[in-house]
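Tertiary structure, described
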Amino acid sequence: QVQLVESGGGLVQPGGSLRLSCAASGSIISINDMGWYRQAPGKERELVALITSGGSTNYADSVKGRFTISRDNVKNTVNLQMNILKPEDTGVYYCNAHVVVTVRIQYDYWGQGTQVTVSS
């Protein structure tokens, strides 16, 4: 069983910063892509940032230049540094990981979500 545990969400004023963290644990052989998604009330879940096992990154256009995703392949963690936050960044942020749990078998796991609210 693999579990993703998120932390770091909260309330912040526009222009502020938050750092989200996600730790994967359990029966892990390796982790391929890891990413952060978010979902605003009444909206579809969207990809915010993605990082491959080799460190290549991809960002939603709306967060480029403000957010930075990183990972530690030893600790099996992924982080999202969010700077210059805007009200439109508000939503529930979910950690996602493609985890190899046995040879040639990969499962897609999700964290429980952490609320990020950007408001004055």
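Just so you know, these numbers come straight off a predicted model, no measurement behind them.

1. Points about the nonpolar core
- By size, the foremost hydrophobic cluster in this structure holds 29 residues, and its most contacted members are Trp36, Phe67, Ile69, Val78, Leu80, Met82 and Tyr93.
- Of all elements in the fold, only β1 (2–7), β3 (18–26), β4 (30–39), β5 (46–51), β7 (67–72), β8 (77–82), β9 (91–102) and β11 (114–118) reach the threshold of two or more residues within this core.
- Discounting chain neighbours no more than four positions away, the residues touching Ile69 are Met34, Gly35, Trp36, Ala49, Leu50, Ile51, Thr57, Tyr59, Val78, Asn79 and Leu80.

2. Describing the state of the cysteines
- All told, the structure shown has one disulfide when counted by the stated rule.
- A disulfide bridge connects Cys22 with Cys95, and the sulfur atoms are separated by 2.1 Å. On the sign convention where negative is left-handed, the bridge of Cys22 and Cys95, at about -80° about the S-S bond, is left-handed. Of this pair, Cys22 sits in strand β3 while Cys95 sits in strand β9, and the two are 73 residues apart along the sequence.

3. Some points on unusual backbone geometry
- The phi angle at Asn76 is positive, at roughly 60°, despite the residue not being glycine.
- Following the sequence through the fold, Asn76 ends up in the loop between β7 and β8.
- At Arg104, a residue that is not glycine, the phi angle is positive and equals roughly 65°.
- Relative to the helices and strands, Arg104 resides in the loop between β9 and β10 (105–110).

Definitions and limits used
Residues numbered from 1 in each chain as written. Predicted model: local features only at pLDDT ≥ 70, side-chain atom pairs only at ≥ 80, totals over all residues. Heavy atoms only, no water. Core = buried A, V, L, I, M, F, W, Y, C linked by side-chain atoms within 4.5 Å. Buried < 20%, exposed > 50% of the residue type's maximum accessible area, 1.4 Å probe, protein only. Helix = DSSP H or I, 4+ residues; strand = E, 2+ residues; numbered from the N terminus. Contact = heavy atoms within 4.5 Å. Disulfide = S-S within 2.5 Å.

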